[in-house]
Amino acid sequence: MTKQELQARLDELKSDYVRIQSDMDKLEYVKGRVSSAEGQLIRLEGEIAEVNRQLEELEEA
């Protein structure tokens, strides 16, 4: 992937993260089940870290 593609992917992941975090906040407010949202946030955190790692590799090259 190019740096531009990685940056676009990172922006998409961050947007998803914020959306899911907001949904989770709403679920907590109404005493809903948040375990699924928590799992999605953990997965997204891993993907964000991986994209950041790839961006760092491109900048070092």
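To keep things clear, this report deals only with the structure shown in the data block. (Residues numbered from 1 in each chain as written. Predicted model: local features only at pLDDT ≥ 70, side-chain atom pairs only at ≥ 80, totals over all residues. Heavy atoms only, no water.)

**Here's the deal with the pattern of salt bridges**
- Taken as a whole and assessed by the stated rule, the structure comprises eight salt bridges.
- Here Arg 43 ties to Glu 47 by a salt bridge, and the two come within 2.4 Å at their closest N and O atoms. You can see Arg 43 and its partner Glu 47 sitting in helix α2 (residues 35-60), four residues apart, about one turn around the helix.
- Each of the salt bridges in this network shares a partner with another, and the network as a whole consists of Arg 9, Glu 12, Arg 43 and Glu 47. (Salt bridge = Lys/Arg side-chain N within 4 Å of Asp/Glu carboxyl O. Helix = DSSP H or I, 4+ residues; strand = E, 2+ residues; numbered from the N terminus.)

**Brief notes about α2**
- With 26 residues, α2 extends 38 Å between its outermost C-alpha atoms, agreeing within 8% with the 38 Å of an ideal straight helix rising 1.5 Å per residue.
- For α2, the secondary structure elements touched by its buried residues are α1 (3-29). (Expected span 1.5 Å × (residues − 1). Contact = heavy atoms within 4.5 Å.)

**Some points on unusual backbone geometry**
- A positive phi angle, close to 60 degrees, is found at Lys 31, a residue other than glycine.
- Mapped onto the elements of the fold, Lys 31 is located in the loop between α1 and α2.
- By relative accessible area, Lys 31 is classed as exposed at 74%. (Buried < 20%, exposed > 50% of the residue type's maximum accessible area, 1.4 Å probe, protein only.)

**Considerations on the environment of Asp 25**
- Tracing the backbone shows Asp 25 in helix α1.
- Of the residues examined, Asp 25 reaches a relative accessible area of 44% and is grouped as partly exposed.

**Let's talk about the packing of α1 against α2**
- Between α1 and α2, whose axes approach to 9 Å, the crossing angle comes to 160 degrees. Taken as axis vectors, α1 and α2 run roughly antiparallel relative to one another. When the axes of α1 and α2 are compared, the crossing they make is left-handed.
- Its residues assigned to classes, the contact of α1 with α2 shows 13 nonpolar, five polar and eight charged. (Axes fitted to C-alpha atoms, helices over the stretch in contact; angles between N-to-C directions. Parallel < 35°, antiparallel > 145°, perpendicular 65-115°, else oblique. Left-handed = near helix turned anticlockwise from the far one by under 90°. Nonpolar A, V, L, I, M, F, W, Y, C, P; charged D, E, K, R; others polar.)

**Notes on a nonpolar patch on the surface**
- A contiguous nonpolar surface patch, about 350 Å² in accessible area, is contributed by Leu 27, Tyr 29 and Val 30.
- Considering the arrangement of structural elements, one finds Tyr 29 in helix α1. (Patch = residues over 30% accessible without salt bridge, like charges linked within 9 Å, V, L, I, M, F, W, Y side chains within 5 Å. Areas by Shrake-Rupley, 256 points an atom, 1.4 Å probe, with all protein chains shown as cover.)

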